[in-house]
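# Observations on chain architecture
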Amino acid sequence: MKFKKPKFWDYKKPNILSYILLPFTFPLIINNFFLKFKKNILYTGIKTICVGNIYIGGTGKTPLVIKISQILNQLNFKTAVIKKYYKSHIDEQKILNKNTKLYCLKNRATALQSVMEDNNDIAIFDDGLQDRSINYDLRFVCFNSDKWIGNGLLIPAGPLREKIKSISKYDAVFINGNEIDITNFMLLIRRYNKDIKIFESHYIPINIDQFDINENYIIFSGIGNPETFKKTLIKNKFNILKEITFPDHHDYSQSDIDKIKLQAKNLNAKIITTEKDYVKISSNQNDKIKFLKIELKVKNEKKLINYLKLHV
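In this report, we go over the structure that sits alongside the text. (Residues numbered from 1 in each chain as written. Predicted model: local features only at pLDDT ≥ 70, side-chain atom pairs only at ≥ 80, totals over all residues. Heavy atoms only, no water.)

### Description of the overall build of the protein chain
This is how it is decided: Strands here mean DSSP runs of E at least two residues long; helices mean DSSP runs of H or I at least four residues long; both are numbered from the N terminus. The globule rule is 2.2 Å times the number of residues to the power 0.38, and the radius of gyration it is compared with is taken over C-alpha atoms. Partly exposed residues are those whose accessible area sits between 20% and 50% of the maximum for their type, while under 20% is buried and over 50% is exposed, using a 1.4 Å probe and protein chains only.
Counting its regular elements, the protein chain contains ten helices and twelve strands. Relative to the 2.2 N^0.38 estimate, which gives 20 Å for 312 residues, the radius of gyration of the protein chain is 20 Å and therefore close to what a compact globule would have. Taking the principal axes of its C-alpha atoms as reference, the protein chain extends roughly 60 × 50 × 35 Å. For the protein chain, the proportion of its 312 residues judged to be buried stands at 51%.

### A look at the pattern of salt bridges
Here is the rule: We count a salt bridge whenever a side-chain nitrogen from Lys or Arg sits within 4 Å of a carboxyl oxygen from Asp or Glu.
The tally for this structure, following the rule as stated, stands at 22 salt bridges. A salt bridge links K147 to D10, with the nearest nitrogen and oxygen atoms 3.7 Å apart. Highlighted residues: K147 in the loop between strand 5 (138-144) and strand 6 (172-177) and D10 in the segment before helix 1 (16-21), separated in sequence by 137 residues. Here K147 falls in the buried class, since its relative accessible area comes to 13%. Here K293 and E275 are joined by a salt bridge, their closest N and O atoms 3.3 Å apart. With K293 in the loop between strand 11 (289-292) and strand 12 (294-298) and E275 in helix 9 (residues 275-278), the pair connects residues that are 18 residues apart, well separated along the chain. A cluster of three or more residues bridged by salt bridges with shared partners is formed by K61, K83, E92, D126, D248 and K276.

### Examining the packing of aromatic side chains
In this description, an aromatic ring pair is defined by two values, namely the gap between the centres and the angle between the planes. To keep it simple, the criterion reads: Aromatic rings from Phe, Tyr and Trp, with only the six-membered ring used for Trp, were paired whenever their centres fell within 6.5 Å, and each pair was classed as stacked if the ring planes differed by under 30 degrees, edge-to-face if by over 60, and tilted otherwise. Whether a charge lies above a ring is judged from NZ of Lys or CZ of Arg, which has to be within 6 Å of the ring centre and within 35 degrees of the ring normal.
If you walk through the whole model with that rule in mind, you get 15 aromatic pairs. Centre to centre, the rings of F174 and F199 are 4.9 Å apart; their planes meet at 20 degrees, and the pair counts as stacked. With F174 in strand 6 and F199 in strand 7 (residues 197-205), this residue pair connects regions lying 25 residues apart in the sequence. The pair formed by F174 and F199 is uniform in burial state, with each residue classed as buried. Between the aromatic rings of F246 and Y252, the centroid separation amounts to 5.1 Å while the plane-to-plane angle is 80 degrees, which identifies the pairing as edge-to-face. Across the ring face of F211, the terminal group of K290 is positioned such that the distance to the ring centre comes to 5.7 Å. Cation over ring: K303 sits above F199, and NZ or CZ is 5.2 Å from the ring centre.

### A word on the side chain of T232
To be explicit about the condition: Contacts are residue-level and defined by heavy atoms, with any inter-residue pair within 4.5 Å sufficient.
Tracing the chain through its elements places T232 in helix 7 (residues 226-235). On the basis of relative accessible area, T232 is assigned to the buried category, the value being 4%. Filtering out sequence-adjacent residues up to four positions away, T232 remains in contact with N178, Y203, P205 and L292.

### Considerations on helix 4 (residues 90-99)
Burial in helix 4 covers these residues: D91, E92, Q93, I95 and L96. In this structure, the buried side of helix 4 is in contact with helix 3 (61-74), strand 2 (79-84), strand 3 (102-105), strand 4 (122-126) and helix 9.

### Looking at the packing of helix 3 against helix 4
Where we set the bar: Angles run from 0 to 180 degrees between N-to-C directions of axes, and those axes are lines fitted to C-alpha atoms, restricted for helices to the stretch in contact. Note on terminology: angles under 35 degrees are roughly parallel, angles over 145 are roughly antiparallel, angles of 65 to 115 are roughly perpendicular, and the others are oblique. Throughout this entry, Asp, Glu, Lys and Arg are counted as charged residues, while Ala, Val, Leu, Ile, Met, Phe, Trp, Tyr, Cys and Pro are counted as nonpolar. The remaining residues, Gly among them, count as polar.
For the pair helix 3 and helix 4, interaxial distance at closest approach is 10 Å and the crossing angle is 10 degrees. Relative to helix 4, the element helix 3 is oriented roughly parallel. Judged by residue contacts, T62, V65 and I66 of helix 3 engage E92, I95, L96 and N99 from helix 4. Of the residues that constitute the contact of helix 3 with helix 4, the class distribution is four nonpolar, two polar and one charged.

Okay, structure coming up:
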């Protein structure tokens, strides 16, 4: 899905427009209710982990999937990653294919069969918490620390696929972002699931030495939460003159790139974007554009390693 989230979704409290849209959340409420009765399959002979969200877009699922895959590989498990095929998600598919053993098909259950036929030990799903056809062994739900649950309402009145109380059925929460205080988030999570495991994580740039922070920069991105990208740059002392944002999973045209380069030239600035955006730009367009490569750092990673050891 390509879209730019309405700003009112991320207000701390609902506004008038949110309340006007409340009746339109009923189809989602009804759908979520009946999903509880959908028959699912528990697959034997392989462990399944689903990394998803209830806040739509920009919660750090893909970096977390890569991190979990790396940890499990280091523990000598043979892992595979499953992502449902969407034509518009070529950015995430390319990054996953580069960093993991990716199975990308239109049907998750079909992909899982292929994973099992190839004798993998663990299948990690990038997204799919709302797909009830598979009974996952572990269900992880991700949030962005800046956006949290937005105004707390369901789509289209707010950014949530499910109400926050749905957290009661998940095994662990990952709050990804830029190391802010999450005490209040934890209190709300514990209200609905006192036994759930909570992990914090943040983004670490791993190619910072390729940039001159004394230069001026134009930044652009088409991701779920561009604010996190910008804050990561500011935290690392980049001087940002202008920010350009596009809808999540945006396909860049020659015109888009030409306009960005022209603005950079007029401001005498360098251009920087995310890796997720860079992989979608053709090689004959990406001259003068660099990307910030990030890695997800899990706070108290040993705790996560021990948790995975215990449950897989």
